Amino acid sequence: MTTELDVVALAVFAFFFILVTVMGFMAARWKRGETLAHIDEWGLGGRKFGTWVTWFLVGGDFYTAYTVIAVPALVYAVGAYGFFALPYTIIVYPFVFLVMPKLWKRAKEHGYVTAGDVVFGQYGSRGLELAVAITGVLAVMPYIALQLVGMAAVIKALGLKGELPLAIAFIILALYTYSAGLRAPALIAFVKDIMIYIAVLAAVALIPWELGGYGAVFQAADDAFKAKGAGGLLLGDSQMVAYATLALGSALAAFMYPHTLTGIFASASANTIRKNAALLPAYTLLLGLLALLGYMGHAAHLQVSSPNDIVPALFQTLFPSWFAGFAFAAIAIGALVPAAVMSIGAANLFTRNFWKAYVDPGISHAGEAQVAKVTSLVVKVGALLVIVFLPTQFALDLQLLGGVWILQTLPALVFGLYVGWFRAPALLAGWAVGFFGGSWIVWQDGLKPLHALSFGGSTVTIYAGLLALAANIVVAVVVNLVAAPRVARTA
């Protein structure tokens, strides 16, 4: 892949980037309430996003720039195993349909802004609230950094050198997010998603045409995997359980993250969420088409230094410069939307579940909004420093660990919506076992998300997050059973 400056592609890229920057600053006036000096208005858009706005916003922060880069890269590197993202993004929507309307109703009735608010309101435990809040912030930080990886890939393809272009892009993002809050990524998501759809549909229609058809694409990928002795177009027998558990665990974790919950809490009604659970699988179709770009990379015989360069290299090699610039802009804007929502989600957690809980319990609504704004800036700077000063693999490993972590908040956040049996000490004990036990398993496995278990003479590989969640639930149940008689005797 050439890294010489592509003036035409850069001009098209700059045009669309300037367009969304203007929209970002204008968003402060869009669907505006009486004031932005309230965390409901700045951090949740006034809780009045309807079906289409929510569709674009949740789709924009769930299907990220790093998804556009990483899914084809994984398929390019390992083949069929990389398609686990498809069943994962199908399984997740029945969960969203059943659980998220109840969670939204609880948050709306009591003015909750974060998962930590919901947990404290349910159990009255500052310790459990803090555990959920810390987990959310830790899990989302490397996720923000990985959006920068996606943006860095296209900046490199444009021929721009150094870290300055990336820093400028994120400074601009920080400023209009500070100004407009959640309204900025919600408005920009319209442009981002339309551009991504155009780029991906053009790619899956025209690239195979250039490469001799889909038969030639699959044959070239199959030959490449056989030549290197790893990967393949079909899953191996040993990969089946790993594939299934990774898909299931990822689906259960997906809407525990602060950014996806922020999109849910910003919805106008429970019915809006149900409609989106039915409509959002359209993005899964797009994701399936996108994943095929990994196979096309083999058919095009591209020489890249990293699998993350496959998608930019395909657009750069097989499309005219103006369309490559358009596609690169779509990917870069696809980094801005989720990064903004993620930083807002993390800022809301810090403000409500740490600052208000421990530093300034009497803080005003305007004060909350100001703390959240400043925190969102700090979060973005932190993510930028991770990418500039630490290896990309560090952020990737942390993000994989983040999925294991955020899954451990599910019992505390979801169980209380359905049953009142669990008590805070039991859930906190379960969280601790799942969080630290899951971290230990992943560390022992060299920061890989899959863990091998031996049963008799056979070995089964399972997603570490599900193992940790199972331990979490078992410990919570046992502690609750042990503690319940004591509570009854002292009552």
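This text follows the structure it describes.
Residues numbered from 1 in each chain as written. Predicted model: local features only at pLDDT ≥ 70, side-chain atom pairs only at ≥ 80, totals over all residues. Heavy atoms only, no water.

## Some remarks on the overall build of the protein chain
Per the secondary structure count, the protein chain includes 21 helices and two strands. Expected size for 491 residues packed as a compact globule is a radius of gyration near 23 Å; at 22 Å, the protein chain falls within 12% of this value. Each principal axis of the C-alpha atoms in the protein chain carries an extent, and together these give about 75 × 65 × 40 Å. Looking at the protein chain as a whole, 57% of its 491 residues are labelled buried. (Helix = DSSP H or I, 4+ residues; strand = E, 2+ residues; numbered from the N terminus. Rg over C-alpha atoms; globule rule 2.2 N^0.38 Å. Buried < 20%, exposed > 50% of the residue type's maximum accessible area, 1.4 Å probe, protein only.)

## Details of the pattern of salt bridges
According to the stated counting rule, one finds nine salt bridges in the structure shown. E129 is the partner of R126 in a salt bridge, and the nearest nitrogen-oxygen pair spans 2.7 Å. On the criterion of helical spacing, the pair formed by R126 and E129 is a turn pair, its members being three residues apart in helix 7 (residues 126-158). According to the relative accessible area criterion, R126 is partly exposed, its value standing at 35%. (Salt bridge = Lys/Arg side-chain N within 4 Å of Asp/Glu carboxyl O.)

## Describing unusual backbone geometry
Positive phi is not limited to glycine here, since R47 has a value of about 55 degrees. Tracing the chain through its elements places R47 in the loop between helix 2 (39-44) and helix 3 (51-62). The class for R47 is buried, based on a relative accessible area of 5%. Positive phi outside glycine occurs at H301, with the angle close to 55 degrees.

## Quick look at the nonpolar core
Residues M100, M151, F255, Y295, M296, F315 and L413 are the most contacted members of the largest nonpolar core, which totals 175 residues. Not counting the four nearest positions on each side in its chain, L413 is found in contact with L103, A115, V118, V119, M256 and L261. (Core = buried A, V, L, I, M, F, W, Y, C linked by side-chain atoms within 4.5 Å. Contact = heavy atoms within 4.5 Å.)

## Overview of the pairing of strand 2 (residues 458-463)
The sheet contact formed by strand 1 (residues 450-455) and strand 2 spans six bridges and is antiparallel. Residue pairing in the sheet places H451 in a bridge with I462 of strand 2. Connecting the antiparallel pair strand 1 and strand 2 is a turn made up of two residues, with G456 showing a positive phi of about 65 degrees. (Pairing = 2+ DSSP bridges.)

## Some points on the packing of aromatic side chains
What characterises a pair of aromatic rings is the spacing of the ring centres plus the angle enclosed by the ring planes. All told, the structure shown has 30 aromatic pairs when counted by the stated rule. Each ring, one from W55 and one from Y283, has its centre 4.7 Å from the other, and the planes form 40 degrees; the classification is tilted. Pair noted here: W55 is in helix 3 and Y283 is in helix 14 (residues 281-299), with a separation of 228 residues, a long-range link. Y283 matches W55 in its accessibility class, with the two residues each being buried. Plain terms: the ring middles of F350 and W355 are 6.1 Å apart, the flat faces sit at 45 degrees to each other, and that makes the pair tilted. Put simply, the rings of F15, F16, F315, F319, W322, F323 and F326 touch in pairs and so form one group of aromatic residues. (Phe/Tyr/Trp six-rings, centres within 6.5 Å; stacked < 30°, edge-to-face > 60°.)

## Remarks on the side chain of T375
Summarising the element assignment, T375 is placed in helix 17 (residues 365-389). T375 sits in the buried class, given a relative accessible area of 12%.

## Some remarks on the packing of helix 8 (residues 164-180) against helix 17
Packed helices, taken two at a time, are described by the angle their axes make and the gap between the axes. Packing of helix 8 against helix 17 brings their axes to within 10 Å, and their N-to-C directions diverge by 165 degrees. Judged by the angle between their axes, helix 8 and helix 17 are roughly antiparallel. Classified by chirality, the crossing of helix 17 by helix 8 is right-handed. For the pair formed by helix 8 and helix 17, the contact residues are L166, A167, F170, L173, A174, T177 and Y178 on the first element and Q370, K373, V374, L377, K380, L384 and I387 on the second. Grouping the amino acids of the contact of helix 8 with helix 17 by side-chain chemistry returns ten nonpolar, two polar and two charged. (Axes fitted to C-alpha atoms, helices over the stretch in contact; angles between N-to-C directions. Parallel < 35°, antiparallel > 145°, perpendicular 65-115°, else oblique. Left-handed = near helix turned anticlockwise from the far one by under 90°. Nonpolar A, V, L, I, M, F, W, Y, C, P; charged D, E, K, R; others polar.)

## Observations regarding the packing of helix 3 against helix 16 (residues 321-359)
Contact geometry for helix 3 and helix 16: axes closest at 7 Å, N-to-C directions at 95 degrees. Taken together, the axes of helix 3 and helix 16 lie roughly perpendicular to each other. On helix 16, the residues touching L57, G60 and D61 of helix 3 are V337, P338, V341 and M342. Its residues assigned to classes, the contact of helix 3 with helix 16 comprises five nonpolar, one polar and one charged.

## Some remarks on helix 6 (residues 115-123)
An α-helical turn contains 3.6 residues, so any two residues separated by three or four positions project in the same direction. Those residues of helix 6 that sit buried are A115, G116, D117, V118, V119 and Y123. Against helix 5 (85-110), helix 7, helix 12 (258-265), helix 16, helix 19 (410-414) and helix 20 (424-444) lie the buried residues of helix 6. Where helix 6 begins, the capping side chain belongs to T114, and its oxygen is found 3.3 Å from the backbone nitrogen of G116. Positioned one or two residues after helix 6, G124 has a phi angle of 65 degrees, which is positive. (Polar contact = N/O pair within 3.5 Å; in protein donor to acceptor, adjacent residues only side chain to side chain.)

## Quick look at the environment of W440
Positionally, W440 belongs in helix 20. For W440, a relative accessible area of 55% corresponds to the exposed category. Through-space distance from the C-alpha of W440 to that of A468 is 9.8 Å; in sequence the pair is 28 residues apart.

## A closer look at helix 11 (residues 240-254)
A rise of 1.5 Å per residue sets the reference length of helix 11, with its 15 residues, at 21 Å; its end C-alpha atoms lie 21 Å apart and thus fit the reference within 8%. Restricting attention to buried positions, one finds in helix 11 the residues A242, Y243, T245, L246, A247, G249, S250, A251, A253 and A254. (Expected span 1.5 Å × (residues − 1).)

## Some thoughts on the environment of R126
Put simply, R126 and A424 are 298 residues apart on the chain and 9.4 Å apart in space, counted from C-alpha to C-alpha. With near-sequence residues (within four places) excluded, R126 lies in contact with F120, A357 and Y358.

## Brief notes about the side chain of T177
Secondary-structure assignment places T177 in helix 8. Residue classification places T177 among the buried positions, given a relative accessible area of 0%. Of note is the side chain of T177, whose polar atom sits 2.8 Å from the backbone oxygen of L173. Setting aside chain neighbours within four positions, we find T177 in contact with W42, A340, S343, I344 and K380.

## Comments concerning the environment of Q219
Turning to its location among the elements, Q219 is positioned in helix 10 (residues 214-228). Owing to a relative accessible area of 44%, Q219 belongs among the partly exposed residues under this scheme. In sequence terms Q219 and A299 are 80 residues apart; their C-alpha atoms lie 8.0 Å from each other.

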